[in-house]
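Working through the structure, step by step
For reference, the chains in residue letters:
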Amino acid sequence: MHKDTIFCAIYDGKSYSAVKEFSTTTVSIRSLGEYLKSERVKKVAMESTASYWVPVWDILYETGFELKLVNPLHIKQLPGRKSDAKDAQWIAELLHKNMLRSSLVPCPLIQELRSYTREYRTLVNQRTKILTQMDRILVMCGIRLSSCISNIDSKSFRQIVEALLRGETDPDTLVRLVYGNRKNKESGKLKESLSGNMKAHHRLKLTTCKQQFDLFESQIQLYLNEMQKLCEEHFSEEISNLTTLPGVSQISAMIIVAETGGDMSAFENSGKFTGWTGLRPRNDESAGKFKSTATTKGNKHLRAIIVQVAWAASRTKGSFFMDKFTKLAIRKSRKKALVAIGRKMLVIIWHILSEKTQYNPNLVHIYDPVKVEHKIKYHEREIERAKKLIA
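Residues numbered from 1 in each chain as written. Predicted model: local features only at pLDDT ≥ 70, side-chain atom pairs only at ≥ 80, totals over all residues. Heavy atoms only, no water.

Glancing now at the side chain of Arg121. Position of Arg121 relative to the elements: it lies in helix α4 (residues 108-140). Notably, Arg121 is buried but unbridged: the nearest opposite-charge side chain belongs to Glu259, and the N-O separation is 7.3 Å. (Helix = DSSP H or I, 4+ residues; strand = E, 2+ residues; numbered from the N terminus. Buried < 20%, exposed > 50% of the residue type's maximum accessible area, 1.4 Å probe, protein only. Lys, Arg positive; Asp, Glu negative; His and termini not counted. Salt bridge = Lys/Arg side-chain N within 4 Å of Asp/Glu carboxyl O.)

What follows concerns unusual backbone geometry. Despite not being glycine, Asn98 has its phi angle at roughly 60°, a positive value. Residue position: Asn98 is located in the loop between α3 (84-96) and α4. Of note in the backbone geometry, Lys356 takes a positive phi value of approximately 55° without being a glycine. Its location among the elements puts Lys356 in the loop between α15 (334-355) and α16 (361-364). Classification of Lys356 as exposed rests on a relative accessible area of 57%.

Its boundaries defined by the atoms lining it, the largest pocket holds a volume of some 1,800 Å³. Along its surface, the largest pocket is lined by 37 residues, and Asn71, Ser103, Leu104, Trp276 and Asn299 are the ones closest to its centre. Sorting the residues of the lining of the largest pocket by element identifies α2 (53-63), α4, α12 (270-277) and α13 (300-314) as the ones contributing at least two each. Per-class residue counts for the lining of the largest pocket are 13 nonpolar, 14 polar and 10 charged. (1 Å grid on protein atoms, 1.4 Å probe; cavity = no way out; pocket = protein on both sides within 12 Å on 5 of 7 lines; lining within 4 Å. Points joined across faces, edges and corners; volume = space filled by probe spheres on them. Nonpolar A, V, L, I, M, F, W, Y, C, P; charged D, E, K, R; others polar.)

What follows covers the pairing of strand β3 (residues 43-47). If a strand is regular, its side chains alternate between the two faces of the sheet. Within β3, 4 of the 5 residues are buried, which leaves it mostly tucked inside the rest of the structure. Both β3 and strand β4 (residues 66-70) contribute to a ladder of 5 bridges, which runs parallel. The partner of Lys43 across the bridge, within β4, is Glu66. Between the parallel pair β3 and β4, the chain is carried across by α2, and the sense of this crossover is right-handed. (Pairing = 2+ DSSP bridges. Right-handed = clockwise from strand over helix to strand, strands pointing away.)

Here we come to the nonpolar core. Counting residues in each nonpolar core, the largest one holds 72 residues, and the members touching the most others are Met134, Leu145, Leu194, Leu242, Phe321 and Met345. Sorting elements by how many residues they give to this core places α4 first, with 11 residues. Ile10, Ile29, Leu36 and Val56 belong to the second largest nonpolar core, which has 20 residues in total. (Core = buried A, V, L, I, M, F, W, Y, C linked by side-chain atoms within 4.5 Å.)

The tally for this structure, following the rule as stated, stands at 10 aromatic pairs. Look at Phe22 and Tyr35: their rings are 6.0 Å apart centre to centre, the planes differ by 40°, and that puts the pair in the tilted class. Here Phe22, found in strand β2 (residues 20-23), pairs with Tyr35, found in helix α1 (residues 26-38); they are 13 residues apart in sequence, far enough to count as distant. Each member of the pair, Phe22 together with Tyr35, is buried. Pairing Phe320 with Phe321 gives two aromatic rings, centres 5.5 Å apart and planes at 70°, and the pair type is edge-to-face. Residues Phe320 and Phe321 agree in their burial class; the two are buried. Taken together through their ring pairs, the aromatic side chains of Phe267, Phe273 and Trp276 make up a single cluster. (Phe/Tyr/Trp six-rings, centres within 6.5 Å; stacked < 30°, edge-to-face > 60°.)

Dropping the structure here:
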């Protein structure tokens, strides 16, 4: 499957049909479905090539075929011995022999929610870039506001920008627009930071950035309203259960539901789920040697939000995750410890969604007795080693 062409082959267990080529227009895809029906085909497999498979999947799904979406890496042939026609025949033969592992394709409702959440995150990232650009313009004007406030995505920063666009340059007036910041106000540092030299071209660039920022704000709110509407109507229980987990906000819960479908029946256990996300160590062993234990590739959208959630949970006072992160960060880098916390949270999310229950912090502290014994022996060895070093 390519941008402009689709190659179709049929295999009945004995021989291949002639490989036919179709275009990717809607009319041609419908004629592809009619051709498959005339040949009494019931099962269809296709490569997940970029986003080219989406319209083909939608039309053939409505036609009534049993579909499978396959990762091209799992069915790749030897280089130098392949062509589009041979690839189509190879996929048909693997499908007939039931040797294909299907990718997870959610239902239309989840696809709609997923389109909202992914666009929402894209717009949030673009808004952050615009904020950074606005701060860079202020720095070129000699205004060092970001050196005195903890976050440029704040009401104080926006008020300063709006005042500057109105033509206000008096530092005393601008200082009164900053909320709090008592220490910098009393020391005079804030007033000095707001004493700049804004020129006409700076104001023009700042005006265009502010217009883009306002546009992103309105679009973000639009997608957020649609996300909340869908989740309140169909996934209110899942959202309510997920938000009981430390670090998971309502928006994070909606993104998790959108990426997982809110249904764990597609995953046999929590290990399969963490592997699908890409937060599980890879299995790369040869001749008794492990070449790499880095995390695998997986759902990048879910992995990104889980790492953010793990960071928030590791900073929640009194939580299991904060205690665990502190212990892991002693012997690992903070980034590796954060990935480990994310994997643990995925296991808990799998249980929450599969059992349809809320997060129970008491169950997290239940350890395997064998692991506890190993930890005790480890610490005993470390104490003996420390005594020898002191002696």
